[in-house]
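# Observations on the model geometry
The primary structure of each chain is shown beneath.
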Amino acid sequence: MTQPTVEFLQAFSDAWNRHDIDALMSFMADDCSFHAVAGPDLLGRSFVGRDAVREGFQLAWQTFPDAAWLDADHFVVGDRGVSESTFSGTKADGTRIEARMVDIFTFHNGKIAVKNAYRKDRPPVAAA
């Protein structure tokens, strides 16, 4: 199986910005997990298994309908990778978030097995 590359991570990032859940899930391993930026647990909120990960990904767009990940920069070393970007999104109540973030990936058999997301804890910004 081909090892993921920077281009692989850019294509994954592009799918996030298109809000294309089917494309996103095509990058994920069968036994994938996603650790969201927020939640009650040490790793935020964890979604384990394809159905749960799909649900977790869709929650990002439900919470921030205009969600975008901008100015992405990626690197891959062995079975690990990192994407750094600026997250931008507005909640239904008008709260707007703009903050740098990173996703740390673990790959297995050419797919993403773990997506672990971290975002700066920045106060909301003025609406655009």
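This report concerns the structure included in the present document. Bear in mind the structure is a predicted one, so any value in this text is a computation, not a measurement.

The next thing to look at is the overall build of the protein. Per the secondary structure count, the protein includes 3 helices and 6 strands. Order of helices (α) and strands (β) in the protein, N terminus to C terminus: α-α-β-β-α-β-β-β-β. Radius of gyration (C-alpha) of the protein: 14 Å, near the 14 Å computed for a compact globule of 128 residues. When the backbone C-alpha atoms are referred to their principal axes, the protein occupies close to 45 × 25 × 25 Å. When burial is assessed residue by residue, the protein has 41% of its 128 residues classed as buried. For the protein, the exposed surface amounts to about 7000 Å²; the carbon and sulfur share of it is 53%. Of the side-chain charges in the protein, 13 are positive and 18 negative, and the distance between the mean point of each set is 3 Å.

Further remarks concern the packing of helix α1 (residues 6-18) against helix α3 (residues 50-63). The description of two helices packed together rests on the angle between their axes and the distance between the axes. Between α1 and α3, the shortest axis-to-axis distance is 10 Å and the interhelical angle comes to 50°. One element, α1, and the other, α3, form an angle in the oblique class. Across the interface between the two elements, Phe12, Ala15 and Trp16 of α1 pack against Phe57, Ala60 and Trp61 of α3.

Scanning the model with the defined rule gives 7 salt bridges in all. A salt bridge links Asp20 to Arg18; the nearest nitrogen and oxygen atoms lie 3.5 Å apart. Look at Asp20 and you get partly exposed, because its relative accessible area is 26%. A salt bridge links Glu84 to Arg100, with the nearest nitrogen and oxygen atoms 3.2 Å apart. Of the two residues, Glu84 sits in strand β4 (residues 80-90) while Arg100 sits in strand β5 (residues 96-108), which places them 16 residues apart along the sequence.

Procedures and definitions
Residues numbered from 1 in each chain as written. Predicted model: local features only at pLDDT ≥ 70, side-chain atom pairs only at ≥ 80, totals over all residues. Heavy atoms only, no water. Helix = DSSP H or I, 4+ residues; strand = E, 2+ residues; numbered from the N terminus. Rg over C-alpha atoms; globule rule 2.2 N^0.38 Å. Buried < 20%, exposed > 50% of the residue type's maximum accessible area, 1.4 Å probe, protein only. Areas by Shrake-Rupley, 256 points an atom, 1.4 Å probe, with all protein chains shown as cover. Lys, Arg positive; Asp, Glu negative; His and termini not counted. Charge placed at Lys NZ, Arg CZ, Asp CG, Glu CD. Axes fitted to C-alpha atoms, helices over the stretch in contact; angles between N-to-C directions. Parallel < 35°, antiparallel > 145°, perpendicular 65-115°, else oblique. Contact = heavy atoms within 4.5 Å. Salt bridge = Lys/Arg side-chain N within 4 Å of Asp/Glu carboxyl O.

None of this, on its own, says anything about what the molecule does.
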